[in-house]
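# Per-entry structural report
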Amino acid sequence: MREVKVDLQEVSAALSGLTVANPVGFSDGNLFSMDGINVAIDVASLTSTVYDINGISVMGAQVLVEQRGTQTNVQSLLDGMPESEAFDGAAASDSADVELAIKRIKFADGGLQLRSGTLGNHDLSLPSFNLERIGSATDGKTPDEVSAEIAMQLTSLVASAVSDTIADITKQRAKAKLREKLGKRAIDGINKLKGLFRKDD
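The paragraphs below set out a description of the structure included in this document. (Residues numbered from 1 in each chain as written. Predicted model: local features only at pLDDT ≥ 70, side-chain atom pairs only at ≥ 80, totals over all residues. Heavy atoms only, no water.)

### Some thoughts on the overall build of the chain
This is how the line gets drawn: Put simply, DSSP H or I for four residues or longer makes a helix, DSSP E for two residues or longer makes a strand, and each gets a number counted from the N terminus. Relative accessibility decides the category of a residue: with a 1.4 Å probe and only protein chains considered, values under 20% of the type maximum give buried, values over 50% give exposed, and everything between is partly exposed. Contact between two residues is taken to exist if any of their heavy atoms lie within 4.5 Å; hydrogens are not considered. All accessibility values rest on the Shrake-Rupley procedure with a 1.4 Å probe; residue burial counts only the protein chains present in the view.
Check the secondary structure of the chain and you find three helices and eleven strands. Counted from the first residue to the last, the chain has its helices and strands arranged as β-β-β-β-β-β-β-α-α-β-β-β-β-α. Scored against the burial criterion, the 201 residues of the chain give a buried share of 37%. Expressed as a percentage of contacts within the chain between residues at least 6 apart in sequence, the contacts between residues at least 24 apart total 69%. Carbon and sulfur atoms provide 50% of the accessible area of the chain, an area that totals close to 11,900 Å².

Here's what the structure looks like:
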């Protein structure tokens, strides 16, 4: 996360530049990126050490999924990279003294780009979903911890969506090949029948 701004007069916070880097072995692009979000803070929590946030709406999150062989960058990230290396948001920020408790984060109108050597490139919509309860009044999370938690939960959800997408594309391609194969057999059969009729003539 590049920046966190808290405006107590407006009772709001803005987080920008949240990204998740691609794991080693994939492209230099970000696996996940989000330009920014604006957050409304519960006024009653301003006197406590943890700012309570009832909900956040995130629009237009972008996810880049790369497949090499049977492995994807999403699964590679989940399989073995430590959080401290996996997430750009893990670095210390100027707002380390800010602590947050978020009840719900709603993602909508996101995009998912699939790049695959075997399945080709596909631009897809990212299903809407919610993340629930990050931090609490007694266990507030710093913006960097929030970034890491969002990234981990988001990556897990995307991994499931990507698995379904790849399975669907593979199934559709298999069906297309089967139709093509059956079509060729039918044409060959018709040609053989035509040949028989010609012989009878």
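Still more ground to cover, so stick around.
### What to know about unusual backbone geometry
For D109, which is not a glycine, the phi torsion comes out positive at approximately 60°. Among the secondary structure elements, D109 is positioned in the loop between β8 (100-108) and β9 (110-116).

### Some details on the pattern of salt bridges
Heads up, the condition is: Salt bridges are defined by distance alone: a side-chain nitrogen of Lys or Arg within 4 Å of a carboxyl oxygen of Asp or Glu.
In this structure the tally under the stated criterion is three salt bridges. A salt bridge links E66 to R115; the shortest N-O distance between them is 3.8 Å. With E66 in strand β6 (residues 62-68) and R115 in strand β9, this pair connects stretches of sequence that are 49 residues apart. Residue R115 is classed as partly exposed on the basis of its relative accessible area, which comes to 36%. Where R104 meets E132, a salt bridge forms, and the shortest distance between an N and an O atom there is 3.3 Å. Taken as a pair, R104 in strand β8 and E132 in strand β11 (residues 129-134) lie far apart in primary sequence, 28 residues in all. Judged by its relative accessible area of 39%, E132 falls in the partly exposed class.

### Some remarks on the pairing of β9
The two faces of a sheet get side chains in turn, since along a regular strand they alternate between them. The following threshold applies: Strands are treated as partners if at least two bridges between them are detected by DSSP.
Most of β9 sits out of view: five of its seven residues are buried. Summarising the sheet, β9 and strand β10 (residues 120-126) pair through seven bridges and their orientation is antiparallel. Counted as the bridge partner of G111 is S125 from β10. What sits between β9 and β10 in their antiparallel hairpin is a turn of three residues.

### A short note on the nonpolar core
Stated formally: Throughout, nonpolar core names a set of buried Ala, Val, Leu, Ile, Met, Phe, Trp, Tyr and Cys residues whose side chains join them through atoms within 4.5 Å.
Core analysis: the biggest nonpolar cluster contains 38 residues, and F32, I105, F107 and V158 have the highest contact counts within it. Looking at this core, the element that brings in the most residues is helix α3 (residues 143-200), giving nine residues. If we ignore the near neighbours within four places in the chain, the residues touching F107 are F32, V58, A61, S128, F129, N130, L131 and I150.

### Section: the packing of aromatic side chains
Centre distance and the angle of the planes are the two values used to describe a pair of aromatic rings. Worth spelling out the cut-off: When two rings of Phe, Tyr or Trp (its six-membered ring) have centres within 6.5 Å they constitute a pair, described as stacked for plane angles under 30 degrees, edge-to-face for angles over 60, and tilted for the intermediate range.
Scanning the model with the defined rule gives one aromatic pair in all. Look at F107 and F129: their rings are 5.0 Å apart centre to centre, the planes differ by 20°, and that puts the pair in the stacked class. You can see F107 sitting in strand β8 and its partner F129 sitting in strand β11, a full 22 residues away along the chain. Each member of the pair, F107 as well as F129, carries the same accessibility label: buried.

### As for the side chain of N22
Its location among the elements puts N22 in the loop between β2 (12-21) and β3 (30-40). Once residues within four sequence positions are removed from consideration, N22 is found in contact with S27, G29, N30, L31, L64, E66 and N73.

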